[in-house]
Structure formats: C-alpha cells, structure tokens
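Chain by chain, the residues:
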Amino acid sequence: MRRREFLKLAATSATGAVLFTGCGSIGDGNPPSEFKIESPVWNPHDFRYGRDAWFATAAPPALGGYGIVVRVFEGRAKKVEGNPDFPVNRGRSCARAQALVQELYHPDRVGAPLRLVGPRGSGQYQLIGWDEGLEQVASSIRQAPDSTLLVTEPLNGALGAIVERFVAATGVRHAAFEPDERVVLREAMRRVFGSTSFPVLDLARARLLVSFSADFLHGWISPVQFARAYGAFRQGRPGVRGTYYHVGPRLSGTAANADRWFPIRPGAEGLVALAVAQVVLEHGMADQAGAERFFQVLGLTPERLANEFAPARVAESTGLTVDQIEELGHAFGEQRPSVAIAGTHAAATTNGLFNLVAVFALNYLVGSVGTEGGLLLNPGSPLPEALPANRSGDPYRRWVELAQQIAGGQITTVLVHRANPVYHLPPASGFQDALRGAGTVVSCSSFLDETAMLADLVLPDQTLLEQWGLVVPDPGPGYQAVAVQQPVVNPFVDARAFGDVLIQLAAQLGRPLPWPSQEEGVRALAGALRGLGRGNVAAADPKAYFVTMQAQGGWWDEGARAAEASPQAPTTLADPEFAGDPGQFPFHLLPYPSPSLGYGEFSHLPWLQGLSEPISTNVWGTWVEVNPRTAEEIGVQTGDLVRLVTPQGSAELPVYVNPAAVPGVLSVPMGQGHTAYGRYAEGRGVNPFALVAPLTERETGTLAWAATRCRVEPTGKRVRIARMEGQVPAFQLEEFPIVKVAPPAR
C-alpha cells in the first residue's frame, strides 16, 4: 500500500486510527518505507501491546513551533524526534525539544493545586482541590477585573485565541513576557519590511551569509530551521560551498563555524553595516531600486553615508581595520545571492534597534529581499482574527511601569503563566519587591520557579506533551503553516491545561467563552482552517479532516505567501552607551544566552544542564571568559575565583581562560543562578540579570543587557570547573599555527 492510499484509509477508517508517515531515513519528506504513528481520535489512549506508538505534535512556540513526533511505549513517552513531513524542520529537532520528556516526568513537578500557608517565598504550601482554587481566583478577579494583571508568554495559536477571548470577556489587563532582544527584532522587522513575522533564510540557494552577532545555530529564534538551511548552504549543492562571515564581539558556537570572524566592539554592528553599504554603493555593486529602500529605512542620503560612514571614518570606532570592512563589503556585493542577519548581542545594546535595522536593510542593496537565496518574508496567520500569531512581548520599560502599579495598589491580582519575571528582570525593575506586596498572586506553572514561590496559589499547568493546541511557527517555512499539538500520554498528576483554567474561570465570572474546553477550541479552530478550502489537508467531513491534520502534524498552504516588503518609519542612527565609568569599570560585560539553557527557562532539565557549551565545553555552572593577555595582567588562570563587579552589584565566578575571547570583553553565560525551579536548577552559578544595569534601548524601551561595564577582582580562591575538555590546559604544537585574537584596532 502506498503512502497516499494509507493516509486515505486512515482518514476514513471507522476506528479513527491515524497513521503518521515517516521512514528509517527520517527527514527526506518522501519516505521509501513507512512506520506507524498511533494517534486515536479520542486521545490519549495508552495501548499496552509491546509495540511503539508514535504521536505527531508540536514543539513550543519559544523553540519555533516546529513539528515533532514522540515515541510512546506502553503509555510512557520515551523519545522526541522531528516530524519528517512538517515543512519548517523536515525531521530535524533540537536538544531542548528532546528534553521535553524530562519535563514530563520531572520529580519536582507540582502535582496538584497548592495554597500558601506561610510567608511569601517560604515555600510552605498545602494541597487544595481545583474547585476551591478556581473559586478563590474567580473571587479576586470578580472584585476588580481592571485591577487584575494576566502575565503570559507571547500569544500564539489556540492558547493565544483563548487568552485573547478571556481578556476581552473579563476586562483584565494582559502583558506578554519574552526575551527583550526578540522584542527589538520584531520592531526591526516591522520597520524594515513592514512584517510582524520573522523571515526565512533561504540559505540553500545563497552564496554568502553575513551574521552580525546572531547566534542562529544555537538558540536564536529558530535554530533547527536555520541549522538545516545552513547544512544545505555548506554541503547541499555539488561543487558549491557557501561562504560565511561572522561579525560580533564574541566567538560563539555559531561564529566558530564561520570562514571569517571579525571581532568588533560591543554595539558596533550597525556602524559596520553602514560602512559595508558604502563600499557596495561606491563600487557600483548595489541594486538601484534596493538602494532607494535602504536609504528610506535609515533616513539617510547617499551624500551623508559617503561623508560620515566610509570605512576610513568608522574603522577605529568599530574595532575593525579598513581592509576588513572593504573585504566584507566586496564579498557581500559580489558573491550573490548574499544575505545579512543580526540579533542576540546586536539587539541587546542601547542602540539595538539601529543595529538590526541597518543590517537587515543591507539586503535591499543586493536585491536579497523576497528573492531566491535571500530573506523570504513569512505571511501572518491563516486565520488572523481567530488564530493569533507573532504577537510581540512587552519591553522592559512596561514591566517597570507594571511593577510600580502593583506596588501602588492599582493592580491587586496577578495571574502568571509560562513566565518568570522575578528571575528574568533585574532587581532595579522593582518587580520582585512589588510582587511580594501584591494582593493576590496566582501561578499556573508546572514548577515552583522564582515567581511561583511568591504566589498565594499555584494551579499547575499540564506539560506540552499532555495537552491540545495549535501553534503558528515563527518563523514559518515561507508560507502559512500551523502545527497541531496533541497529548501523547495520559496526565499522571492533578494538573490542568491553562486554556481549560481560563475557560472555567470565565464561566464562573459569568463571561463564558465560545468553547467548553481547550480541546474543543482546538477542534473548532481546525474546522475554521477547513473552511478556508485550501492547504495540504483534504477530507470529506470535519472528523476526517482533523484526523488527517493529526496524521501529518499540521496544516500548511504552499501557495499562501507573504506580500511584498513595505518599509515603514525610518530609524534614528545611534551610538551605544554603557553603564559604568571606564576608569572604574574597564571591561565590557557581555552576557549571552546559553545554547542549552537559553535565558534560564530550561535550567530545570538535567539533560540540558549536562549539555556542554560548544566553545568552553563547560557544564552545570557559570563562569567568566577571559582573554589570555587579560588573565595574565590580572594574575589569574582557569579555575581561579574572581569577583565580577558592576555598577549594580557583584558576584564571584570562576575564570575560564579562552584564547578566542576578545580583549576588554568578559563574557558570562545566562541560565544559572536560580534560587528555585527544582533540584537541578537551584543553587548553581550566577544570574547575570542581577549584574546588568537597567539601561534601555532608546526607541523600544527594552532592557539593554549588553550595555554594562565591569571590573575583575581576584579573590585568591580556586574551584574546579565541570567541563568536557578536562582540566589539562592546551599546549601549542610546533607544526600547527595558533590563532590569536588581538585587541580591537585603534
């Protein structure tokens, strides 16, 4: 039986069994052989017959919302793989998705509703029933809906639809929490391209890639999609190997893959981009129509660009030489199709928006917007009114305002889901102190993280492998797509899906939502997709349609592409600013998201704690990367404990002497320093957010977490750093040249 016939049988079967297509060589999208993925209509059913069952579902939106499949054996989830049919990832997955199994069976999961019986932060809770907990929350909201704040992750898909309906029906306030650099990136996409979605990198057909600080292989936006494209960029075409330049202040795992790495001063990405643009224009390599859009986006004239941003004028400020900028400009203009991207540190300075806008606008100069081998824009949701997608989080500036309103009594009830602002916001925000004095705090977390520890009630959420959902991937594959999320096992703790909690609360408040449960909301929205009359799914009735969506892992329409790019308001050119007197704080503090732990949201998972950082191979802790020359001047070596001091505070960290560290820049990974969040996260390392100054990006108001200066003070103590490379230092071999990172050019 062939694949098409098999799916047809699955959709029309009286038993409702769903068969997911795959193969032994996962990821080719056209499998020569097939294996079954069990997905009954009335999920979940745990069959115990000694054979594997495979369920198609979706990774969380924070990982890109791509398709995954989960191997289940005798009712227990065993392994996560990529969905070979889903167009975003084509069978690939990441370590964070693999670790979802550990989250499901984590020993520190909250197993039932809890009520605080001791002081806030004491962790003294007692078990209560769901009815009692929901009634207490409903009573708090009923007293003052407009004084209630709902804090969630950025809205997406079916859960986003439920949250939006709940907010509209009850009148509560809403705020979305996500890493600040993503907020800057979304605003840059709006200004440069007129889009609310992240773009696709068509690297499979590009010849040159220039990344300005974006760690796109290890955590930036959608690393699975980008890593798959990067593989095709390097090795997917016979006789053609794409060239990759990386421009940034740190040699990340992504930068280590580059043919050429140009270390720059922190915050200089936008300045380098303008100098590159001048080289492209001066030598007649620019696309004429694209040049007009480039100048429109930046509010520049050709004369000003030539006078103020020629390589010779800006080289000293960037840390590069004139020859390096000229090389980069000629490569970008000549080796077409070429594409430029920016993110991570480039977005985390006080001029982050300018940096991103200047870099992404370069793509107009070489005709790489909406064309093969360039940036392909993604369309919005196929159901823009009913199925939200690509909503931005709120900037740091608003969180400071919310903290003030909580402290002032304007907000009396706070309900939190999938967000940990107490950990992720610096102490200067005042959010933690404000939450301690709030009237009622409710956490819908699966774990007692730092924010949940200040809650009066904990109503535990189900994990992603236990609940229904629809996810709009961002970035998508270049056309409209929706991933289906479904339970892969029966829930084994007394937790409820957050959508079901909101639906029940709305009913108790006399403001019922259109659906009786989160699952019914998912099915109704899937029916709305069927009403569009297009896409990859075809079925005669709603039941068969939904079963087929489950079988394939989602819905997509290759003909639904984005409209042409439309630049919006110009962006003000800006230089970076840094907190701290250079005389007292001579170094730049450069925090960076951990490739495995992210910003700290995955620190509770031991698989990810034990996944080594790609450059240092360090695990299970925090350290500070120091250049060998700087280490010699300070008198420290790897394993020495130093005190890292910033204008905001200090922390003791072990030194890791890194030959690739830029002199004058001290890099510290994010992700550790938790005071709660389970046994695998608590009491390990340092939280860099506690050290950064509360400077903000000029236009967006986001936290500029890469804009703080620091100094180092030896303590005379030593520790052993847990690392895969061992404790023996590297020695130079005479027959091999060594690479040294010199201080930025002056």
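Shown above is the structure to which this text applies.
Here's what I pulled together on the structure shown here. (Residues numbered from 1 in each chain as written. Predicted model: local features only at pLDDT ≥ 70, side-chain atom pairs only at ≥ 80, totals over all residues. Heavy atoms only, no water.)

The topology assignment puts glutamate 613 in the loop between helix H20 (606-609) and strand S21 (624-626). From its side chain, glutamate 613 meets the backbone nitrogen of isoleucine 615 in a polar contact 3.0 Å long. From its side chain, glutamate 613 meets the backbone nitrogen of serine 616 in a polar contact 2.7 Å long. Dropping the residues within four chain positions of it, glutamate 613 is found in contact with Arg250, Tyr592, Pro595, Asn618 and Trp623. (Helix = DSSP H or I, 4+ residues; strand = E, 2+ residues; numbered from the N terminus. Polar contact = N/O pair within 3.5 Å; in protein donor to acceptor, adjacent residues only side chain to side chain. Contact = heavy atoms within 4.5 Å.)

This part is about the pairing of strand S25 (residues 708-718). Where strand S20 (residues 587-592) lies against S25, three bridges are found, and the strand directions are antiparallel. Looking across to S25, one finds that phenylalanine 587 is bridged to cysteine 710. With six bridges connecting them, strand S22 (residues 640-646) and S25 associate as antiparallel partners. Residue pairing across strands places aspartate 640 opposite arginine 718, the latter belonging to S25. (Pairing = 2+ DSSP bridges.)

We now examine the packing of helix H18 (residues 518-531) against helix H19 (residues 542-552). Following both chains from N to C, one finds H18 and H19 inclined at 100°, their axes separated by 10 Å at the closest point. In terms of orientation, H18 and H19 fall into the roughly perpendicular class. Residues Val522, Arg523, Ala526, Leu529 and Arg530 of H18 touch H19, and the partners they reach there are Pro542, Tyr545, Phe546 and Met549. (Axes fitted to C-alpha atoms, helices over the stretch in contact; angles between N-to-C directions. Parallel < 35°, antiparallel > 145°, perpendicular 65-115°, else oblique.)

Turning our eyes to something else, we now look at the pattern of salt bridges. Scanning the entire structure with this criterion turns up 33 salt bridges. Arginine 120 is the partner of aspartate 456 in a salt bridge, and the nearest nitrogen-oxygen pair spans 2.5 Å. Taken as a pair, aspartate 456 in the loop between strand S15 (440-443) and strand S16 (457-458) and arginine 120 in the loop between strand S4 (114-116) and strand S5 (125-127) lie far apart in primary sequence, 336 residues in all. Note on aspartate 456: relative accessible area 18%, which makes it buried. In this structure, arginine 723 and glutamate 725 form a salt bridge, with 2.6 Å as the shortest nitrogen-oxygen distance. For glutamate 725, a relative accessible area of 39% puts it in the partly exposed group. Connected via shared salt-bridge partners are Arg643, Glu652, Arg711, Glu713 and Lys717. (Salt bridge = Lys/Arg side-chain N within 4 Å of Asp/Glu carboxyl O. Buried < 20%, exposed > 50% of the residue type's maximum accessible area, 1.4 Å probe, protein only.)

Moving on, we get to the sheet that holds strand S11 (residues 260-263). Reading across the sheet, the four strands line up as S11-S10-S9-S12 and stay open at both edges, with parallel pairing between neighbours. In this open sheet, the two strands that pair with only one neighbour each are S11 and strand S12 (338-342). Direction aside, the axes of adjacent strands within the sheet are offset by 15° on average. One ladder, built from four bridges, connects strand S10 (residues 243-248) with S11; its direction is parallel. Looking at the pairing, glycine 248 lines up with proline 263 of S11.

Another point: the side chain of glutamine 518. With respect to the helices, strands and loops of the structure, glutamine 518 is situated in helix H18. Among the polar contacts made by the side chain of glutamine 518, one reaches the main-chain amide nitrogen of glycine 499 at a distance of 2.7 Å. Not counting the four nearest positions on each side in its chain, glutamine 518 is found in contact with Leu159, Ile162, Gln467, Trp468, Ala497, Phe498, Gly499, Asp500 and Ile503.

Treat this as a map of the structure, not an account of what it does.
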